[in-house]
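Listed below are the residues making up each chain.
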Amino acid sequence: MRDLIEAAQHALRHAKLYEGLVDGIAGRKTRTAISIALRDAAATGSTGPGAQFEGERRIVAAMQHALNVTGFDAGPVDGYVGPRTRGSLEELMHLLGEGKPLTLDREDRGEGPGRWPLQRDVESVFGPAGGQQCTAGRVVLPFAFSLAWDLDRTLLTFSCHADVEKPLEAIFREAAAAYGENEFRRLRLDRFGGCFNHRRMRGGSRLSMHSWGIAVDLDPERNQLRWNSDRAAFAHRDYRLWWQIVESHGAVSLGRQRDFDWMHFQFARLS
Ligand SMILES: [Zn+2]
C-alpha cells in the first residue's frame, strides 16, 4: 500500500495536481489530490458515468488519470493495475530518475501510433487478404533467426506486406543494437513464429492480421495464446525496451494492450 501511495504521489506531482512530499503516506494533501484527479477524470469522461472507486482502487484510478494526462498510456481509468498502468509507471520513474523519457523519438520518423489503420480498416489500406502485396516485402534480419518450431532451421529474411517491410526491419535492427546480439538471443527474440499466413483468428471467424502479412509472432512456446502477463515471457520487464521499440514504430502488441497472445505484434490498431 505504501508503494502504491508513493507511486500515485509521483504521478500526481508530475501532473501538477499535488505539491506535497512523496512519502507513501496518504495525508490530507494526498487525499485532496486524489479527489481532484478523480473529479477531473469524471469531468473529461475518462471514467464511466457515475463511476465510484473505493479504497485502493481510488488511488490507482487517480494515478492512472495523472499518468494519462501527462502523456503516458496507463490504459482506461479503471482502478486496476494491469500491464499498461505498470508500464507507464515505469516510464514515469525512468523520466524522473534519468531526466529523459524512456520512449524513443517516434514522432520524428512520422511513425507514431496513429500511423497504422484500425484492425477493421486493414482491407481498405493494405488491400485484399492474401493478395500479392501481402508477401511483396522482404525483411532483412540483423543476424540469423531460428524457426520457433524447428530451431535447426535458420532464416536471414522473411516476407511480409510491402508497406511494413521498412518498419519491421527497423524494429529488429534497433532492438539488436539496443540489446546486443547475445542478450537479444537470450531473450529469444530471434525465435521466429511466422508473419504472413492466410488464416482465421484462432478461435474466431474473422481473418487474422497474419493474412495481410502485417503481424509477427516470436517465441510462441513461452508466450502461448491464452497466457497472461503472469506467465508469458514477453511480459517480463526485460522486454520493456523491446516493446518501446516496437511501439515507437506504431506497431501494436496484443500482450501490452489486451494481456494475451504476447507472442504477437501487428501494424493495425485495436481501437
Ligand atoms: Zn500472431
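Bear in mind the structure is a predicted one, so any value in this text is a computation, not a measurement.

Rules used in this analysis
- Residues numbered from 1 in each chain as written.
- Predicted model: local features only at pLDDT ≥ 70, side-chain atom pairs only at ≥ 80, totals over all residues.
- Heavy atoms only, no water.
- Core = buried A, V, L, I, M, F, W, Y, C linked by side-chain atoms within 4.5 Å.
- Buried < 20%, exposed > 50% of the residue type's maximum accessible area, 1.4 Å probe, protein only.
- Helix = DSSP H or I, 4+ residues; strand = E, 2+ residues; numbered from the N terminus.
- Phe/Tyr/Trp six-rings, centres within 6.5 Å; stacked < 30°, edge-to-face > 60°.
- Salt bridge = Lys/Arg side-chain N within 4 Å of Asp/Glu carboxyl O.
- 1 Å grid on protein atoms, 1.4 Å probe; cavity = no way out; pocket = protein on both sides within 12 Å on 5 of 7 lines; lining within 4 Å.
- Points joined across faces, edges and corners; volume = space filled by probe spheres on them.
- Nonpolar A, V, L, I, M, F, W, Y, C, P; charged D, E, K, R; others polar.
- Donors = N, O, S within 2.8 Å, 3.2 Å for Na, K, Ca; no water.
- Domains from an automatic or database assignment.
- Contact = heavy atoms within 4.5 Å.
- Buried area = accessible area lost by both parts, 1.4 Å probe.

Undergrad: Help me get a handle on the nonpolar core, residues and values and all.
TA: Judged by nonpolar contacts, the single largest core of 45 residues is most densely connected at Phe158, Leu168, Phe172, Trp242 and Phe265. Elements with a minimum of two residues in this core: α5 (122-126), β1 (137-147), β2 (150-160), α6 (165-179), β4 (215-218) and α8 (240-248). When residues in this core are grouped by element, the largest group, 6 residues, is from α6. Within the second largest apolar cluster, 26 residues are counted, among which are Ala37, Phe72, Leu89 and Leu95.

Undergrad: Explain the packing of aromatic side chains to me, and be specific about the residues and the numbers.
TA: Summed over the entire model, instances satisfying the criterion amount to 15 aromatic pairs. Consider the rings of phenylalanine 234 and tyrosine 239, whose centres lie 4.7 Å apart with planes at 40 degrees: the pair is tilted. A residue is classified by how much of its surface remains accessible, and tyrosine 239, at 4% relative accessible area, is buried.

Undergrad: Residue-level account of the pattern of salt bridges, with values.
TA: Overall, the coordinates contain 14 salt bridges when judged by the stated rule. A salt bridge links aspartate 219 to arginine 188; the nearest nitrogen and oxygen atoms lie 3.6 Å apart. Taken together, the residues span a long stretch of sequence, with aspartate 219 in the loop between β4 and α8 and arginine 188 in the loop between α7 (181-186) and β3 (191-194) at a distance of 31 residues. For aspartate 219, the salt bridge is made with arginine 222, and the minimal N-O distance between the two is 2.7 Å. Residue aspartate 219 is classed as buried on the basis of its relative accessible area of 1%. For arginine 222, a relative accessible area of 24% gives the class partly exposed. Here the residues in one salt-bridge network are Glu90, Glu91, Arg237 and Arg240, joined through shared partners.

Undergrad: I'd like a description of the layout of surface pockets, backed by residues and values.
TA: Counted as a void, the second largest pocket has a volume near 340 Å³. Lining the second largest pocket are 18 residues, and of these Met201, Leu225, Leu254, Phe260 and Asp261 lie nearest its centre. Mapped by element, the contributors of at least two residues to the lining of the second largest pocket are α9 (254-258) and β6 (264-266). Its residues assigned to classes, the lining of the second largest pocket comprises 6 nonpolar, 6 polar and 6 charged.

Undergrad: Hey, could you go over the coordination of the zinc ion for me, with residue numbers and the actual values?
TA: The protein atoms that coordinate the zinc ion are His210 (NE2), Asp217 (OD) and His264 (ND1), at distances of 2.0 to 2.1 Å. Mapped onto the sequence, the residues coordinating the zinc ion show the spacing H-x6-D-x46-H. In this pair, histidine 210 is assigned in the loop between β3 and β4 and histidine 264 in strand β6, connecting sequence segments 54 residues apart. Exposure class is identical for histidine 210 and histidine 264. Each is buried.

Undergrad: Got a sec to walk through the domain arrangement of the chain? Specific residues and values, please.
TA: Here the chain is described as being made up of domain 1 (2-98) and domain 2 (112-266). Put simply, the middle of domain 1 and the middle of domain 2, counted by C-alpha atoms, are 32 Å apart. On the domain 2 side, the residues contacting the 6 residues of domain 1 number 9 residues. For the pair domain 1 and domain 2, the two sides together bury roughly 580 Å², of which 42% comes from carbon and sulfur. Counting the surface domain 1 buries against domain 2, the share from its top three residues, Pro83, Arg84 and Glu90, is 69%. Where domain 1 meets domain 2, there are 3 salt bridges.

Undergrad: Could you give an account of the environment of phenylalanine 172, naming the residues involved and the relevant values?
TA: Here phenylalanine 172 shows up in helix α6. Among the residues examined, phenylalanine 172 registers a relative accessible area of 0% and is labelled buried. Considered as a pair, phenylalanine 172 and tryptophan 242 are 70 residues apart in the sequence and their alpha carbons are 9.1 Å apart. Setting aside anything within four residues of it in sequence, one finds phenylalanine 172 in contact with Val139, Leu141, Pro142, Phe145, Phe158, Phe184, Leu189, Val216, Leu218, Trp242 and Phe265.

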